[in-house]
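Each chain, letter by letter, is given below.
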Amino acid sequence: MKNRTIKVDYLARVEGEGALYIKIKNGEVDDVKLKIFEPPRFFEAFLRDRKYSEAPDITARICGICPIAYQMSAVNAIENAFGQVPGGQIRELRRLIYCGEWIESHTLHLYMLHAPDFLGYPDVVHMAKDFPEVVEKALKLKRIGNDIVKTIGGREIHPINVKVGGFYKVPQKKDLKQLREDLLWARDAAIDTVKFTSTLTFPDFEQDYEFVSLCHDIEYPFNEGRIKSNKGLDISVEEYDFNFIEEHVEYSHALHSRLRARDNYFLGPIARYNLNYDKLSPIVKQVASDLKLPREINNPFKSIIVRGLETLYACDEAIRIIDQYEKPDEPSIQINPIEATGNGASEAPRGMLYHRYRINEEGLIMDAKIVPPTSQNQKTIEKDLKHFIPSRVNLPEKELVLQCEQAVRNYDPCISCATHFLKLHVEKEN
Amino acid sequence: MKNKKPKLAVFKLSSCDGCQLSILDAEDELLAVLGAVDIAYFPEASSRMLPGPYDIGLIEGSVTTPHDVELARQIRKDCKVLITIGACATAGGIQALRNWKDVKEFTKIVYAHPQYISTLDRSMPVASFIHVDFELRGCPVNKYQLIDVIVAYLNNKKPNITSHSVCMECKQKGNVCVMVAHGTPCLGPVTQTGCGSICPSYDRGCYGCFGPMDSPNTSSLARNIEARGETKYDIMLAFRGFNAYSEPFRKESEVYEK
């Protein structure tokens, strides 16, 4: 097989609009482009002159799949600017709503977007004909994740209750009772999920990645931690801009991120798992060990197993939070805006999401920078394909395309958000 | 055997994907709803993409690029019934905030190489370019309303979506009025119902994500909010949100422009 060009004009089962372009010359991979043609939506631009208090509602609209991640990174950044960070039960409720988002988003990706690849179906509806029980269980598990988001946030997509300083209203202890009942079922369903994913067949493909995630001293990370990697990076969130840069490439509406000191890096469930294994709860470690999963995973196709493990973690953590919950006296702390710049990050289901805001003395946003996980993973996705294709170059085109799409879907790319990054130091070019 | 199920297509323009995700979020009803149709085109959920014509088309997202305009025209040709879902497709969405600005400046703010970016000056509702059979409001849409609309068209009926204000639903829920009792500014009196009046239920004012109700008196509400001590700028921002380019909200926001 000599020269061929493979084009996938519209990547399916990812969120947003992307295309894939691969050029093979003399049997070698000559060019790989993940093209993001989702139209630009200019969030950083129109956040200017909006009130700080509007940021959680507005940035939620960047992504319908992970609105909590946008809301949490926004509140983290703004509270960092004002030096006012709520603790206690408000902090716990933020972890709880994040558990809900991980459960619904991971389950959606795992069963509805990614599993069909492994089992050879075009979608979950076709898969349901042969695996009705698996799909029905998956839908119930996903609903329980959404129920958490709905109970705390008001609705599943674009929740309305997240606020700088806390929440508009916090639940009563009894409001969480039904969730607890359901979560006991969900925890077992998540264990079955991990078992199910571990029976899938994985391509033999391992790479030497630089994994990056938030790392907290005692917790598996959602909202807090230092930014660490397996290759020596160890910085505070405030130092993000000094260590990561974004580049604008002609063929994509999403900027490409890389580490200033090195090159591309890998965010998401595998990165979190590899860097924070010790912080997983005993039940998750037990399941991982029963299935003989290594403590470090370097095969991106196995992200589907790690999504299962993180779903289990999120169910278990949600139960822990509900069991110790006491309704706080106030739903939020009193916020006093000052002129300042703040940085915030949190762990979206797909990986670390960074926000930075500069706010004036009236509490208006002067500028904003938002770096979603997919833009940060883009270079790694392209590199994976460069390394993945050579040993498969002689496959029939249909099969090769399918496998390449699957390799992209390992990352659960969320393309509708990968469209609007502010490059702070705008290059002057003619 | 010929497949006689109606062919459903789901399209996307400029948006967050949240409205089409509402279909997948209808966990309890999903298999029944999707089982009643042939999913001919729904890239977010299926890699099987069949060509048109389609019996029912759902379209999410606003028109923001020259390519979107062409695409919308093609979608109209391909679909017997075309329904827009969500605030982007029916009112231009949050990205319509560009409509009061110079989009070239916006592009420079966000991109190092603005010359790579092709975009229209404005973000517009789909119905500005093509005929639309039904517009479903919401940012995001209510999944039960969405199912109602799909089921109505599957049965050749007109969808029964109410167009009165959020206040009606809020009163039915027995909420204490956040505006009367706490002085919290609330767009409920001029916003179309459908969300379940969730914001007042969570002790905050409605921010109008379902867009204007039928014949809203926005100026009366704006004057009332102003009398409670809100600044003109705050009132402008309140109307200039997720449905900023719907006509009643657009006009009211322009009255309060700096």
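Reference entry: report on the structure contained in this document.

Rules used throughout
- Residues numbered from 1 in each chain as written.
- Chains lettered and ligands numbered in written order.
- Predicted model: local features only at pLDDT ≥ 70, side-chain atom pairs only at ≥ 80, totals over all residues.
- Heavy atoms only, no water.
- Helix = DSSP H or I, 4+ residues; strand = E, 2+ residues; numbered from the N terminus.
- Rg over C-alpha atoms; globule rule 2.2 N^0.38 Å.
- Contact = heavy atoms within 4.5 Å.
- Areas by Shrake-Rupley, 256 points an atom, 1.4 Å probe, with all protein chains shown as cover.
- Lys, Arg positive; Asp, Glu negative; His and termini not counted.
- Charge placed at Lys NZ, Arg CZ, Asp CG, Glu CD.
- Buried < 20%, exposed > 50% of the residue type's maximum accessible area, 1.4 Å probe, protein only.
- Pairing = 2+ DSSP bridges.
- Axes fitted to C-alpha atoms, helices over the stretch in contact; angles between N-to-C directions.
- Buried area = accessible area lost by both parts, 1.4 Å probe.
- Salt bridge = Lys/Arg side-chain N within 4 Å of Asp/Glu carboxyl O.
- Patch = residues over 30% accessible without salt bridge, like charges linked within 9 Å, V, L, I, M, F, W, Y side chains within 5 Å.
- Core = buried A, V, L, I, M, F, W, Y, C linked by side-chain atoms within 4.5 Å.
- Left-handed = near helix turned anticlockwise from the far one by under 90°.
- Nonpolar A, V, L, I, M, F, W, Y, C, P; charged D, E, K, R; others polar.
- Phe/Tyr/Trp six-rings, centres within 6.5 Å; stacked < 30°, edge-to-face > 60°.

**Quick word on the overall build of chain A**
Here's step 1: Scanning chain A from terminus to terminus reveals 13 helices and 13 strands.
Here's step 2: Taking 2.2 N^0.38 as the reference for a compact globule, 430 residues should give roughly 22 Å; the C-alpha atoms of chain A span a radius of gyration of 21 Å, in line with that estimate.
Here's step 3: Along the longest, intermediate and shortest principal axes, the C-alpha atoms of chain A span 70 × 60 × 35 Å.
Here's step 4: The contacts in chain A between residues at least 6 apart in sequence include a share of 70% that link residues at least 24 apart.
Here's step 5: Split by element, the accessible area of chain A, about 14,700 Å² in all, is 46% carbon and sulfur.
Here's step 6: Averaged over its 58 positive side-chain charges, chain A has a centre that lies 1 Å from the centre of its 65 negative ones.

**Describing the overall build of chain B**
Here's step 1: Tallying secondary structure elements over chain B gives twelve helices and five strands in all.
Here's step 2: Computed over C-alpha atoms, the radius of gyration of chain B comes to 19 Å, within 12% of the 18 Å expected from 2.2 N^0.38 for 258 residues, which places it in the range of a compact globule.
Here's step 3: The principal-axis extent of the C-alpha atoms belonging to chain B is close to 65 × 50 × 25 Å.
Here's step 4: Burial statistics for chain B: of 258 residues in total, 59% are counted as buried.
Here's step 5: Counted over contacts in chain B with a minimum sequence separation of 6, partners at least 24 positions apart contribute 72%.
Here's step 6: As presented, chain B carries roughly 10,500 Å² of accessible surface, and 52% of it is formed by carbon and sulfur atoms.
Here's step 7: Considering chain B, the positive charge centre built from 29 side chains and the negative charge centre built from 28 side chains are found 4 Å apart.

**Overview of the sheet that holds strand S6 (residues 212-215) of chain A**
Residue and element names in this part refer to chain A.
Here's step 1: With antiparallel pairing, the three strands of this open sheet are ordered in space as S6-S7-S8. The sheet terminates laterally at S6 and strand S8 (234-235), the two strands that pair on one side only.
Here's step 2: Taken together, the two bridges between strand S7 (residues 226-229) and S8 define a ladder with antiparallel strand orientation. Along S8, the bridge assignment pairs Lys-228 with Asp-234.
Here's step 3: In the packing of helix H9 (residues 269-276) onto the sheet, the strands contacted are S6 and S7, and the crossing angle to S6 comes to about 55°.

**Quick look at the interface of chain A and chain B**
Many structure descriptions define interface size as the accessible area lost when the parts assemble.
Here's step 1: On the side of chain B, 64 residues touch chain A, which itself brings 71 residues to the contact.
Here's step 2: For the pairing of chain A and chain B, the buried interface totals around 5,900 Å² over both sides, and the portion due to carbon and sulfur atoms is 62%.
Here's step 3: Across the contact surface, chain A and chain B share six salt bridges.
Here's step 4: The partner of Asp234(B) in a salt bridge is Lys51(A), and the shortest N-O contact between them spans 3.3 Å.

**Some thoughts on the pairing of strand S11 (residues 340-348) of chain A**
Residue and element names in this part refer to chain A.
Here's step 1: Among the nine residues that make up S11, eight are buried, leaving the element largely enclosed by the rest of the structure.
Here's step 2: For S11 and strand S12 (residues 351-359), the ladder comprises nine bridges, and the chain directions are antiparallel. What sits directly across from Thr-341, in S12, is Arg-358.
Here's step 3: Taken together, S11 and the strand that follows it, S12, pair antiparallel across an intervening segment of two residues.

**Re a positive patch on the surface**
Here's step 1: On the surface, a cluster of positive charge is made up of Lys150(A), Lys169(A), Lys327(A) and Lys173(B).
Here's step 2: Along the polypeptide, Lys150(A) turns up in helix H6 (residues 132-153).

**Things to note about the pattern of salt bridges**
All names here are of chain A.
Here's step 1: By the definition in use, this model includes 48 salt bridges over all chains.
Here's step 2: Notably, a salt bridge pairs Glu-326 with Lys-173, separated by 3.0 Å at the nearest N-O pair. You can see Glu-326 sitting in the loop between helix H11 (303-324) and S11 and its partner Lys-173 sitting in the loop between strand S5 (166-167) and helix H7 (177-198), a full 153 residues away along the chain.
Here's step 3: Using a relative accessible area of 46% as the deciding quantity, one classes Glu-326 as partly exposed.

**A short note on the environment of Phe242(B)**
Here's step 1: Mapped onto the elements, Phe242(B) comes out in the loop between helix H11 (232-239) and helix H12 (247-255).
Here's step 2: Among the residues examined, Phe242(B) registers a relative accessible area of 5% and is labelled buried.

**Section: the pairing of strand S2 (residues 18-25) of chain A**
Successive residues of a regular strand alternate their side chains across the two faces of the sheet.
All names here are of chain A.
Here's step 1: Among the eight residues in S2, six count as buried, and that is most of the element.
Here's step 2: Where S2 and strand S3 (residues 28-36) come together, eight bridges link them in antiparallel fashion. Opposite Ala-19, over in S3, you have Lys-35 as the bridge partner.
Here's step 3: Hairpin connection of S2 to S3: two residues between the antiparallel strands, including Asn-26 at a positive phi of 50°.

**Observations regarding unusual backbone geometry**
Residue and element names in this part refer to chain B.
Here's step 1: Put simply, Gly-52 and Pro-53 share a cis peptide bond, and its omega is 0°.
Here's step 2: You can see Pro-53 is positioned in the loop between strand S2 (38-41) and strand S3 (54-60).
Here's step 3: Here the residue pair Cys-139 and Pro-140 is connected by a cis peptide bond, since its omega of 5° sits within 30 degrees of zero.
Here's step 4: On the secondary structure map, Pro-140 appears in the loop between strand S5 (134-136) and helix H6 (143-154).

**Focus: the nonpolar core**
Here's step 1: Ranked by internal contacts, the top residues of the largest apolar core, which has 168 residues, are Leu183(A), Tyr273(A), Tyr357(A) and Leu58(B).
Here's step 2: Among the elements that take part in this core, helix H4 (residues 88-119) of chain A stands out by supplying 15 residues, more than any other.
Here's step 3: Among the nonpolar cores identified, the runner-up in size contains 18 residues, and Ala222(B), Ile235(B), Met236(B) and Phe249(B) belong to it.

**Looking at the packing of helix H12 (residues 373-388) of chain A against helix H13 (residues 397-409) of chain A**
Residues and elements named next belong to chain A.
Here's step 1: One way to put it is that H12 packs onto H13 with a least axis distance of 10 Å and a crossing angle of 145°. Note that H12 runs across H13; the crossing there is right-handed. For the pair H12 and H13, the contacting residues are Ile-381, Leu-385 and Phe-388 in the first and Gln-403, Cys-404, Ala-407 and Val-408 in the second.
Here's step 2: Across the contact of H12 with H13, the residue classes tally to six nonpolar, one polar and no charged.

**Quick look at the packing of aromatic side chains**
Residues and elements named next belong to chain A.
Here's step 1: With the rule as written, the count across this model stands at 27 aromatic pairs over all chains.
Here's step 2: For the pair Tyr-98 and Phe-222, a centre-to-centre distance of 5.3 Å together with 20° between the ring planes defines the contact as stacked. Here Tyr-98 is found in helix H4, whereas its partner Phe-222 is found in the loop between S6 and S7, with 124 residues between them in sequence. As far as burial versus exposure is concerned, Tyr-98 and Phe-222 are alike and both buried.

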